[in-house]
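# Structure assessment
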Amino acid sequence: MLYAILGEDRAGSLEQRLAARPAHLERLHALQAEGRLILAGPCPAIDSPDPGPAGFSGSIIVAEFDSLPAAQAWADADPYVAAGVYEKVSVKPFKKVLPA
């Protein structure tokens, strides 16, 4: 089943985000290689594809996991969590409708 992982950045965490990004991306690339990643990306804190020092307000990941506890465990192990980037992480079942 698909799950949406919604990470909300802690204010002022851009430096920690940039430092933890390689490890964060490595885990996403592993999901992609397994054919389980649907989409992933950050949410700019301002209306710009390159927010510069404004940074990001969070991230969205949609991926396939065996269960909600498995998705939660994967999210809990994210380098952004360990680095203190995410203030809050929500994991929810997700049903893809479009595009078909």
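In the block above lies the structure referred to throughout.
A short tour of the structure in this document, coming up. All of these numbers come straight from a predicted model, not from anything done at the bench.

### With respect to helix α1 (residues 14–33)
Each turn of an α-helix holds 3.6 residues, which means side chains three or four residues apart point in the same direction. For α1, spanning 20 residues, the distance from its first C-alpha to its last is 27 Å, which sits close to the expected 28 Å at 1.5 Å a residue. At Arg21, α1 is deflected by roughly 50°, the largest bend along its length, and proline Pro22 occurs up to four residues later in sequence. Packed against the buried residues of α1 are β1 (2–9), β2 (37–44), β3 (56–64), α2 (68–76), α3 (79–82) and β4 (86–94). Gly35 sits one or two residues past α1 and shows a positive phi near 75°.

### Notes on the layout of surface pockets
Roughly 260 Å³ of volume is contained in the largest pocket. Lining the largest pocket we find 16 residues, and of these Arg21, His24, Leu25, Gly41 and Pro42 sit closest to its centre. Looking at the lining of the largest pocket element by element, the count peaks at eight residues for α1. Here the lining of the largest pocket is built from residues that sort into nine nonpolar, five polar and two charged.

### Considerations on the pattern of salt bridges
A complete count under the given rule lists three salt bridges for this structure. A salt bridge links Asp9 to Arg17, with the nearest nitrogen and oxygen atoms 2.9 Å apart. For the pair formed by Asp9 and Arg17, the shared burial category is buried. Its salt-bridge partner being Arg27, residue Asp78 comes within 3.7 Å of it at the nearest N-O pair. Within this pair, whereas Asp78 is found in the loop between α2 and α3, its partner Arg27 is found in helix α1, the two being separated by 51 residues in sequence. Relative accessible area serves as the criterion here: at 18%, Arg27 is assigned to the buried category.

### Considerations on the sheet that holds β4
Spatially, β2-β3-β1-β4 is the arrangement adopted by the four strands of the open sheet, whose pairing is antiparallel. The sheet is open, and its two borders are formed by β2 and β4, each paired with just one other strand. When the angles between neighbouring strand axes are averaged without regard to direction, this sheet yields 10°. In the sheet, β1 pairs with β4 via eight bridges, with the strands oriented antiparallel.

### Digging into the packing of aromatic side chains
For the structure on display, the rule yields three aromatic pairs. Residues Tyr80 and Tyr86 carry aromatic rings whose centres are separated by 5.5 Å and whose planes lie at 90° to one another, so their mutual orientation is edge-to-face. We classify Tyr80 as buried; its relative accessible area is 2%. Joined through ring pairs, the aromatic side chains of Tyr3, Phe65 and Trp74 make up one cluster. The aromatic ring of Trp74 is capped on one face by Arg27, whose charged end is 4.0 Å from the ring centroid.

Definitions and limits used
Residues numbered from 1 in each chain as written. Predicted model: local features only at pLDDT ≥ 70, side-chain atom pairs only at ≥ 80, totals over all residues. Heavy atoms only, no water. Helix = DSSP H or I, 4+ residues; strand = E, 2+ residues; numbered from the N terminus. Expected span 1.5 Å × (residues − 1). Bend = angle between axes of the 7 residues up to and from the residue. Contact = heavy atoms within 4.5 Å. 1 Å grid on protein atoms, 1.4 Å probe; cavity = no way out; pocket = protein on both sides within 12 Å on 5 of 7 lines; lining within 4 Å. Points joined across faces, edges and corners; volume = space filled by probe spheres on them. Nonpolar A, V, L, I, M, F, W, Y, C, P; charged D, E, K, R; others polar. Salt bridge = Lys/Arg side-chain N within 4 Å of Asp/Glu carboxyl O. Buried < 20%, exposed > 50% of the residue type's maximum accessible area, 1.4 Å probe, protein only. Pairing = 2+ DSSP bridges. Axes fitted to C-alpha atoms, helices over the stretch in contact; angles between N-to-C directions. Phe/Tyr/Trp six-rings, centres within 6.5 Å; stacked < 30°, edge-to-face > 60°. Lys NZ or Arg CZ within 6 Å of the ring centre and 35° of its normal.

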